[in-house]
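Architecture and fold: a report
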Amino acid sequence: MSSTQYELHGRVAVISMHNPPVNGLGYELRRGIVDGVKKAEADDNVKAVVIIGSEQAFSGGADIREFGTPKMMAEPTLPTVINFLDTTTKPVVAAIGGVAMGGGLELAMGCHYRIAKADTKVALPEVKLGILPGAGGTQRLPRLIGVEHALNLIVSGATVPAAMFKGSPLFDEFSQGELLQDALAFAEKLIDEGKGIRRVRDMKVSHPKAEAFFMWAGNGIQQMAKNYPAPMKCLEAVKASVFKKFDDGIKVERDAFAQLIQTEESKSLRHAFFAERATSKIPDVPEDTPTRDIKSVGVIGAGTMGSGIAINFLNAGIPVRILEMKQEALDRGVKHIQGVYEGRVKKGKMTAEDAEKKVALLQPTLSYDDLSDVDLVIEAVFEDMGVKQQVFEKLDQICKHGAILASNTSTLDLNKIASFTKRPEDVIGLHFFSPANVMKLLEVVRGEKTSKEVLATSMKLAKKIKKTAVISGVCDGFIGNRMVGRYQTEALLMLEEGATPQQIDKAIEKFGFVMGPLRMADLAGGDIGWAIRKRHYEEKPDMKRMVIADRLCEMGRFGQKTGAGFYKYIPGNRKPQHDPEVDKVIEECRKEMGITPRKISDQEIVERCVYALVNEGARILEEGIAQRASDIDIVYLTGYGFPVFRGGPMFYADQVGLLNVVRAIEKIRENPNTDSKFWEPAPLLAKLADEGKTFN
Ligand code: 3HC
Ligand code: NAI
């Protein structure tokens, strides 16, 4: 089917857009719209035109896949299409349902009249892709809904229901019944009343205290936007709508669009958009793979993770039975869950009634028998293979046929865990991140024998509980923690060599991470990393010890939870404070190791930490632990605070150029204090660099 269909309904020509799934305004669709309008103009019997999309989408905006390709600039471009509408002689009505976003909303605003379903989701979300509306949105929206509302919508990129604009000329009418029929009736009325075209560009826009308003808004936006140039450009363009003539305002918008689309920030955000949507695609698990119904969930362990995991399901309206060994631990977990809901009520994020309903879905228990009929069990007990064995053997005995048995282990061998049951095909890893009710990331760990059905069910369930799920194969630490281990190691080695915790964290935060590696270690709890290191020392006795980190742990400095780690903490305050005690420990350790401290540059800090992620990521990719490089990026963007404006570690490496990354790695390798085996460029990285290719 071609991208548009042209049909006559008496005196009204209807142009229907057909570019599934969201009517992205790609070249063919743009061409089709212009051809349709031309045809209508040439037909004397046609007195008005209706442009309509599908039930799901009027249009999701410009076709983002065309960005950076010749098709994007191929005429008619979207601005040309909209200009063309401005010069037609017959009234054009946009009939809007589903979503009208970005260029889709701009197209609607380029029409002369608009009729919409009240629940249509509208947005100018370009800022989330690091750009600004580039087809007149910054000039037309202020004319239709006022300067302040328009600026808010454009700078936030927020999606809102069309009904919000009742009473404004953004929508002339709301359709109560069938959209096309209502649009046709609206068009007939226009014809009967002799109403011709009505161009938004001819409308007036003003603000009583424009200068002061833009100054005030600019200050706020500047502070919020930090590493992103787009929000300030949005402001400039909206400002131009007030102070300049329409065509001059359009020029300000076009220039900003052309600049922004070339920025690293925008490329990264666009990469993240598609990467997030790619994670759910599993090459050997077709989309029509049958899934199981998950109507009830069991959680074992009501500690830090178990209680957070339970909240996800309660939020989604799925009943949870939570099991502990002792009443005291159970009560503690339940109290924590109740506390989270009370907090939400206090902050006005939820009504007390809603919170009560959610908590009522929780059933605490000390008996495994209560888990015999649940559809999914997630285990979050101590990270110890012996304990996991007991739990899985028990689950194998009591859980019903077809129940999914999941482990939240962060480091243990999932295949081994599965082998404790007679149904390894039903066993999967669901690795939540702490706090489990807040963090978006979920690593779905695919065991050797995990069935496709169990995998497909888990991915579907992840969507239901609003997680971003990434498939990982089985290895120590899976994708995220295996890589972060290398990253943290480099930070610790640089402490030995001469850097301070403050310097390392500051350099990494300046690069854009939410938190530097040592602040992150203090937040996660030093004991967790220490336990992992001790296990590694046992498994590989000749491995280099992390002397400073171990020493701090031996002193009981486990980070925020003990009030001291790489920093010290004032009770009730999470802000890390410089601790001279730590400086002393570092100095002592250096002396013991015979290291003379040297000055370490911020560039070295960033390169060693970030390229450690890249090099390990390349190995993970080569081993098939991650399905694709962009999945690794999503793990880091959603679970580890990697700067979104850099697109994730693998995308960042692509932007730097893999040859440059390999060069830097070879230089790092010359440092005798580093692990020279690890710093051999990963074979995949070396190969891609040689071939001039990229990860993504
Ligand atoms: N261009 C190309 N593909 C798009 C697209 C777009 N604008 N919007 C969505 N898609 C694709 C997705 O990549 C996905 O493809 P896949 O099935 O191959 O993975 C498919 O459409 C479905 O997308 P979702 O999974 O996101 O579906 P949802 O139903 O959950 O959401 C949506 C639909 C609300 C439209 C959401 O996709 C969305 O927010 N899209 C982006 C909207 C946007 O940013 N528009 C502005 C574009 S820039 C622009 O218009 C510039 C202009 O000012 C000149
Ligand atoms: P935790 O110590 O806070 O909680 C564990 C709970 O399990 C305790 O309340 C304990 O009483 C209970 N428990 C132990 N054995 C049990 C059994 N046989 N039956 C029933 N309950 C039992 O530990 P946490 O941090 O919640 O970790 C749990 C699991 O989640 C571990 O496998 C850990 O590796 C993993 N994990 C932890 C993360 C974290 O940041 N804490 C992040 C991701 C995964």
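The following paragraphs examine the structure supplied in this document. (Residues numbered from 1 in each chain as written. Chains lettered and ligands numbered in written order. Predicted model: local features only at pLDDT ≥ 70, side-chain atom pairs only at ≥ 80, totals over all residues. Heavy atoms only, no water.)

**Section: helix H13 (residues 327-346)**
Let me state the cut-off plainly: Under the DSSP-based scheme used, a helix requires at least four consecutive residues in state H or I and a strand at least two consecutive residues in state E, with every element numbered from the N terminus. A helix is expected to span 1.5 Å multiplied by its residue count minus one. Type-normalised accessible area, obtained with a 1.4 Å probe on protein chains alone, sets the label of each residue: buried when under 20%, exposed when over 50%, and partly exposed for intermediate values. Along the arc lie the directions from the helix axis toward the C-beta atoms. In what follows, a contact means two residues having at least one pair of non-hydrogen atoms within 4.5 Å.
Relative to the 28 Å expected for 20 residues at 1.5 Å per residue, H13 spans 28 Å between its end C-alpha atoms, a close match to the ideal helical length. Of all the residues in H13, the buried ones are Ala-329, Leu-330, Gly-333, Val-334, Ile-337 and Tyr-341. In a view along the axis of H13, the buried residues occupy a sector of 140 degrees, so they form one face of it. Turned more than 90 degrees away from the buried face of H13 sit Glu-328, Arg-332, Lys-335, Glu-342 and Lys-346, all of them exposed. In this fold, the buried residues of H13 make contact with helix H12 (304-315), strand E11 (320-323), helix H14 (352-360) and strand E12 (362-365). Downstream of H13 by one or two residues, Gly-348 has phi in the positive range, about 75 degrees.

**Topic: the site of ligand 1**
Rules: Residue proximity to a molecule or strand is established when one non-hydrogen atom of the residue lies within 4 Å of it. We define a polar contact as two N or O atoms separated by no more than 3.5 Å, with the added condition that, inside protein, one atom must be a possible hydrogen donor and the other a possible acceptor, whereas residues neighbouring each other in sequence contribute only through side-chain atom pairs. With residues, only the protein chains shown are counted as cover, and all accessible areas are computed by Shrake-Rupley using a 1.4 Å probe. Amino acids outside the nonpolar list (Ala, Val, Leu, Ile, Met, Phe, Trp, Tyr, Cys, Pro) and the charged list (Asp, Glu, Lys, Arg) are all regarded as polar, and Gly is one of them.
Within the structure, ligand 1 sits among 22 residues, and Gly-103, Glu-106, Glu-126, Arg-277 and Lys-281 are positioned closest to it. A distance of 2.6 Å separates an oxygen atom of ligand 1 from a polar atom in the side chain of Glu-126. With respect to ligand 1, the side chain of Lys-281 contributes an N or O atom lying 2.6 Å from an oxygen atom. Calculation on ligand 1 without its partners gives an accessible area of 990 Å², and the protein chains cover 73% of this total. Grouping the amino acids of the shell around ligand 1 by side-chain chemistry returns eleven nonpolar, five polar and six charged.

**Digging into the pairing of strand E13 (residues 376-379)**
Defined as follows: A strand pair is defined by DSSP finding two or more bridges across the two strands. Crossover handedness is defined here as right-handed if the route from the first strand over the helix to the second strand goes clockwise, with the strands pointing away from the viewer.
Of the two faces of E13, the one carrying Leu-376 and Ile-378 and the one carrying Val-377 and Glu-379 are both buried. Two strands pair when backbone bridges link them, and strand E10 (residues 297-300) and E13 are joined in this way by four bridges, in the parallel orientation. Across the sheet, the residue bridging to Val-297 is Leu-376, located in E13. Bridge count between E13 and strand E14 (residues 404-407): four bridges; the pairing is parallel. The partner of Val-377 across the bridge, within E14, is Leu-405. Traced from E13 through helix H15 (residues 385-398) to E14, the parallel crossover comes out right-handed.

**Observations regarding the sheet that holds strand E17 (residues 468-472)**
Quick reminder of the rule: To get an axis, fit a line to the C-alpha atoms, keeping to the stretch in contact for a helix; angles then go from 0 to 180 degrees between the N-to-C directions.
Across the sheet, which stays open at both edges, the eight strands sit in the order E12-E11-E10-E13-E14-E15-E16-E17 with mixed pairing between neighbours. Every interior strand has two partners, whereas the edge strands, E12 and E17, have only one. Averaged over all pairs of adjacent strands, the angle between their axes in this sheet comes to 25 degrees, without regard to strand direction.

**Topic: the nonpolar core**
Short version of the rule: Side-chain atoms within 4.5 Å link the members of a nonpolar core, which is a set of buried Ala, Val, Leu, Ile, Met, Phe, Trp, Tyr and Cys residues. What counts as a domain boundary in this text is fixed by an automatic or database domain assignment.
Of all hydrophobic cores here, the largest spans 76 residues; its most connected members are Ile-479, Phe-566, Val-610, Tyr-611, Phe-642, Leu-685 and Phe-695. Take this core: its biggest share by element is eleven residues, from helix H24 (residues 602-622). Residues from two domains meet in this core; each of domain 2 (297-472) and domain 3 (480-691) gives at least three. Contacts of Leu-685, omitting those with residues within four sequence positions, involve Asn-615, Ala-618, Leu-658, Val-661, Val-662, Ile-665 and Phe-695. Counting residues in hydrophobic clusters, the runner-up holds 70 residues, among them Val-81, Cys-111, Leu-132 and Ile-261.

**Re the sheet that holds strand E9 (residues 173-175)**
With respect to topology, six strands assemble into an open sheet ordered E1-E2-E3-E4-E6-E9, the strand pairing being mixed. A strand with exactly one partner marks an edge of an open sheet, and here the two such strands are strand E1 (4-9) and E9. Here the average twist between neighbouring strands, direction ignored, is 25 degrees. As paired elements, strand E3 (residues 48-52) and strand E4 (residues 92-96) share four bridges and run parallel to each other. In the strand pairing of E4, Val-50 is matched with Val-93.

All we've got here are geometric facts, nothing functional implied.
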